[in-house]
Number of protein chains: 6
Amino acid sequence: MIYICRKEHFNAAHKLYNPQWTEEKNIEVFGPCCNANWHGHNFELIVTVKGNPDPETGFVIDLKKLSKLIRANVIEKLDHKNLNVDVDFMLGKMASTEHLAIEIWKILDPLISAVSKAKLHCVTLYETPRNFVEYYGEE
Amino acid sequence: MIYICRKEHFNAAHKLYNPQWTEEKNIEVFGPCCNANWHGHNFELIVTVKGNPDPETGFVIDLKKLSKLIRANVIEKLDHKNLNVDVDFMLGKMASTEHLAIEIWKILDPLISAVSKAKLHCVTLYETPRNFVEYYGEE
Amino acid sequence: MIYICRKEHFNAAHKLYNPQWTEEKNIEVFGPCCNANWHGHNFELIVTVKGNPDPETGFVIDLKKLSKLIRANVIEKLDHKNLNVDVDFMLGKMASTEHLAIEIWKILDPLISAVSKAKLHCVTLYETPRNFVEYYGEE
Amino acid sequence: MIYICRKEHFNAAHKLYNPQWTEEKNIEVFGPCCNANWHGHNFELIVTVKGNPDPETGFVIDLKKLSKLIRANVIEKLDHKNLNVDVDFMLGKMASTEHLAIEIWKILDPLISAVSKAKLHCVTLYETPRNFVEYYGEE
Amino acid sequence: MIYICRKEHFNAAHKLYNPQWTEEKNIEVFGPCCNANWHGHNFELIVTVKGNPDPETGFVIDLKKLSKLIRANVIEKLDHKNLNVDVDFMLGKMASTEHLAIEIWKILDPLISAVSKAKLHCVTLYETPRNFVEYYGEE
Amino acid sequence: MIYICRKEHFNAAHKLYNPQWTEEKNIEVFGPCCNANWHGHNFELIVTVKGNPDPETGFVIDLKKLSKLIRANVIEKLDHKNLNVDVDFMLGKMASTEHLAIEIWKILDPLISAVSKAKLHCVTLYETPRNFVEYYGEE
């Protein structure tokens, strides 16, 4: 078993705001992250896949294909978008990095299994170079 | 003469949209950057100051003071904000990295001259790790 | 379960020197790292916490609070300090990156459990970009 | 148990080409990576070792010794070389990052056990900043 | 006047070898860089353009267009190629980073002037993170 | 004319302390940087040399030779040292990054001219990733 990783990026706007709370409570909990007119980030996404190298190619998975799959199914939906408004799978959810990483997992997990014998192992998502999350599925 | 640099960062939302153009022309020119619901970036700002080291401190300028000055006068106004809507000195201007760097220069240039014998030399502004501008004032 | 990470930094002096050894043995084992007048590093510290996102905030832990907790209890004691002389919890210990990461774990583990339902998962400590350690507690 | 990491680098040429396939199939599968006249990369190698700190040194393993061991046994054989032609342990294998990481593990695992009580834990190999693999041995 | 920069990358093989010298002299001067079977690098290319922002777009030059122009005219010819063998504009020249940066300038300078009022200012080319060149044209 | 750069690194301890001032004034001006027991940094040094490529080698200067020259004459004197106590050319000077860059220039400028037709152009010195200086000689 070996783990192979592909890094992609996207730029998006979001805010952290709980509509069931008062304005005061939102400001108290989220501070500048609940700014009504949004803020944004350059997100970095690392997708880790595990499997055994194919003897004919030496590949666990073809990274060009993995890159295309991530771009078509995740980056296209997030890049230059508003996470709270424009992204169907984030509607009704707090637009935290945690939730976004979990939703990216849910999209990629079946797609990777469908096109290869390899399995999704981890979704790592950097909101900033100092704040990031790792999700390994429901374990 | 020696040049000394301080790097700061902020996260902001923006869009590129010319209100005097049709929707079609905006999409043609700006592509996904004119998304109505905004997108955003982790900006990195490098401020370069030039001068001679003070013999008593060894400093061209005290970087702790320069950092505070940048944070109070630039970062506070930009971090977790919308460049098109929330930032007084960007109102009515295209929210491009070029314009933002020029406006940051206009703010910092007199402030640095007021607190030290050193002079602002360059404002470098990274919108992404691959897209950035440098501004040296009106020369 | 999801893992969330916060990166902080500090600058400190140290030396590697075993007082129960001769000068010759110290030089033989530690080389330039035992220089009598110290040397130093820009340390980078990554604290990883694991838990489930709170449904109201979307957070495993509020990273602003985690950052404050790390700064107040770890960075304050280490930044611009001498690890061998100025830092109470390192006195009498070899000032290796390994020992420092273990002591940082001992400080943060109960504090994180006290303020949230999340648990400390890993302390990663970079002494240089090429030399670093990871500690997951006594497992 | 604590994990300690050392990062090294090397520059090498390679191509991905299966000699049992037609030219067309190679181009279809490997695209520009099968360019007849080679291409190359700046590889970054991270070697992670696990163990307990020695009470006299504070070290799991002396990173200066680990660095020398990696350089003498791995970097010397790969740096400024052609992975398909010049490297004995890659002959007859597809020159993928996966295979290279596995072969580096096979070289380092017995050597690290021979010189210390610590054990090799992981070989991480970056082909580019966006494409990399992790290998933890035959588990 | 403001300067705007776009960073692109490519992976290529090369060797440093002067065919008018003996094998011994090549080894003496170029060391492992003259390895007969090539080695390679992940090159990073930064193209800096200078001009005034267009009042309608806020752009000195549209970075999406600049990126396409660099990719079509430079990256396409270099990526996954052998600089000594596959690249027409390097034939007969020593494949040093210096020469490559100068040739990239010669390609881009007229193309940028043809599509915009902005001017090429600098070509920066990283062979490795520690070795790089800057070329400002024939000044 | 083309500019070629080599990046090296060293780890050192220092403090900022003016012995002609009271303890109070030192603390007021330098804050934690005057900690009596020192602190330290991973310094990054970039040396930029300008000249014309030699037609036989394609080099402005052989970067392997430049690296050796920097290591023998600068890094050896600074790495794992105390800038205030151990370094002859810093004795009696404030150990600021500005002064250190100027002294490195004074060492390297004649040495580079002695071994090549190229000239030293710039010394860039990073104290931290956010604080750095550039020195171009007495111009």
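Here, every reference points to the structure presented above.
Right, let's walk through the structure included here. (Residues numbered from 1 in each chain as written. Chains lettered and ligands numbered in written order. Predicted model: local features only at pLDDT ≥ 70, side-chain atom pairs only at ≥ 80, totals over all residues. Heavy atoms only, no water.)

**What about the overall build of chain A?**
- Scanning chain A for helices and strands turns up three helices and five strands.
- Written out in order from the N terminus, the α and β elements of chain A read β-α-β-α-β-α-β-β.
- Each principal axis of the C-alpha distribution contributes one length, and for chain A these read about 60 × 30 × 25 Å.
- Residue pairs in contact within chain A that sit at least 24 positions apart in sequence constitute 66% of those at least 6 positions apart.
- For chain A, the exposed surface amounts to about 5,800 Å²; the carbon and sulfur share of it is 52%.
- The centroid of the 16 positive side-chain charges in chain A is displaced by 5 Å from the centroid of its 19 negative side-chain charges. (Helix = DSSP H or I, 4+ residues; strand = E, 2+ residues; numbered from the N terminus. Contact = heavy atoms within 4.5 Å. Areas by Shrake-Rupley, 256 points an atom, 1.4 Å probe, with all protein chains shown as cover. Lys, Arg positive; Asp, Glu negative; His and termini not counted. Charge placed at Lys NZ, Arg CZ, Asp CG, Glu CD.)

**Re the pattern of salt bridges**
All names here are of chain E.
- Applying the stated rule across the entire model yields 36 salt bridges over all chains.
- Between Glu8 and Arg71 there is a salt bridge whose closest N-O contact spans 3.0 Å. Of this pair, Glu8 sits in strand β1 (residues 2-14) while Arg71 is found in helix α2 (residues 63-78), placing the two residues 63 residues apart along the sequence.
- You can call Arg71 partly exposed: its relative accessible area is 44%.
- The residue Glu103 makes a salt bridge to Lys106 at a minimum N-O spacing of 3.1 Å. (Salt bridge = Lys/Arg side-chain N within 4 Å of Asp/Glu carboxyl O. Buried < 20%, exposed > 50% of the residue type's maximum accessible area, 1.4 Å probe, protein only.)

**Concerning the interface of chain B and chain A**
- Listed by partner, the interface residues are 20 residues for chain B and 20 residues for chain A.
- Around 1,600 Å² of area is buried between chain B and chain A when both sides are counted, 50% of it from carbon and sulfur atoms.
- For chain B, the biggest contributors to the area lost against chain A are Asn37(B), Asn42(B) and His80(B); these three give 37% of the whole.
- Put simply, the parts of the chain that give the side of chain B that touches chain A at least two residues each are β1 (2-14), β2 (39-51), β3 (81-82) and β4 (119-128) of chain B.
- Among the elements that line the side of chain B that touches chain A, the one with the most residues is β2(B), at four residues.
- Residue composition of the side of chain B that touches chain A, grouped by class: seven nonpolar, ten polar and three charged. (Buried area = accessible area lost by both parts, 1.4 Å probe. Nonpolar A, V, L, I, M, F, W, Y, C, P; charged D, E, K, R; others polar.)

**Concerning helix α1 (residues 23-30) of chain A**
Residues and elements named next belong to chain A.
- Of the positions making up α1, those classed as buried are Asn26, Val29 and Phe30. Burial along α1 is one-sided: seen end-on, the buried residues are contained in an arc of 75°. Exposed residues pointing more than 90 degrees away from the buried face of α1 are listed as Glu24 and Glu28.
- Looking at the residues trailing α1, positive phi occurs at Gly31, about 55°. (Arc of directions from axis to C-beta.)

**Re the interface of chain D and chain A**
- Contacts between the two partners involve 21 residues from chain D and, on the opposite side, 22 residues from chain A.
- Taken over both partners, the interface formed by chain D and chain A buries close to 1,800 Å², and the fraction arising from carbon and sulfur atoms is 57%.
- In terms of surface lost to chain A, no three residues of chain D exceed Glu98(D), Arg130(D) and Phe132(D), which account for 36% of the buried area on that side.
- With a closest N to O distance of 3.5 Å, Arg130(D) and Glu44(A) form a salt bridge.
- Where chain D touches chain A, the interface holds seven residue pairs in polar contact (both at pLDDT 80 or more). (Polar contact = N/O pair within 3.5 Å; in protein donor to acceptor, adjacent residues only side chain to side chain.)

**A closer look at helix α2 (residues 63-78) of chain B**
- A maximum bend of about 45° is found in α2(B) at Arg71(B).
- Considered for burial, the residues of α2(B) that qualify are Leu63(B), Leu66(B), Ser67(B), Leu69(B), Ile70(B), Val74(B), Ile75(B) and Leu78(B).
- Contact partners of the buried residues in α2(B): β1, β2, β3 and α3 (97-115) of chain B together with β5 (131-135) of chain F.
- Two or three places before Lys64(B), at the opening of α2(B), Asp62(B) has a side-chain oxygen 2.9 Å from that residue's backbone nitrogen.
- Positioned one or two residues after α2(B), His80(B) has a phi angle of 60°, which is positive. (Bend = angle between axes of the 7 residues up to and from the residue.)

**Looking at the environment of Cys5(D)**
- Inspection of the secondary structure assignment puts Cys5(D) in strand β1 (residues 2-14).
- As for Cys5(D) and Val47(D), which are separated by 42 residues in sequence, their C-alpha atoms are 5.5 Å apart.
- Apart from residues lying up to four places away in sequence, Cys5(D) is in contact with Arg130(C), Asn131(C), Phe132(C), Ile46(D), Val47(D), Thr48(D) and Leu63(D).

**Observations concerning the state of the cysteines**
All names here are of chain A.
- Tallied over the entire structure, the rule returns zero disulfides over all chains.
- Lacking any disulfide linkage, Cys5 is separated from the closest cysteine sulfur, that of Cys122, by 8.2 Å.
- You can call Cys5 buried: its relative accessible area is 1%. (Disulfide = S-S within 2.5 Å.)

**A word on the arrangement of the chains**
- Across the gap from chain B to chain C, with no contact made, the nearest C-alpha atoms are 14 Å apart.
- Between chain D and chain F there is no contact, and the shortest C-alpha to C-alpha distance separating them is 14 Å.

**A closer look at the environment of Thr57(D)**
All names here are of chain D.
- With respect to the element layout, Thr57 can be found in the loop between β2 (39-51) and α2 (63-78).
- For Thr57, a relative accessible area of 12% translates into the label buried.
- Spatially, the C-alpha atoms of Thr57 and Lys106 are 28 Å apart, while their sequence positions differ by 49 residues.
- At 3.0 Å, the side chain of Thr57 forms a polar contact with the backbone nitrogen of Phe59.

**Focus: the packing of aromatic side chains**
- With the rule as written, the count across this model stands at 36 aromatic pairs over all chains.
- Ring centres of Trp105(C) and Tyr135(C) lie 5.6 Å apart, and the angle between their planes is 80°; on these two criteria the pair is classed as edge-to-face. Taken together, the residues Trp105(C) in helix α3 (residues 97-115) and Tyr135(C) in strand β5 (residues 131-135) connect sequence positions 30 residues apart. As far as the burial class goes, Trp105(C) and Tyr135(C) line up, both buried.
- The interplanar angle of 10° and the centroid separation of 4.9 Å between the aromatic rings of Phe10(E) and Phe43(E) together place this pair among those described as stacked. (Phe/Tyr/Trp six-rings, centres within 6.5 Å; stacked < 30°, edge-to-face > 60°.)

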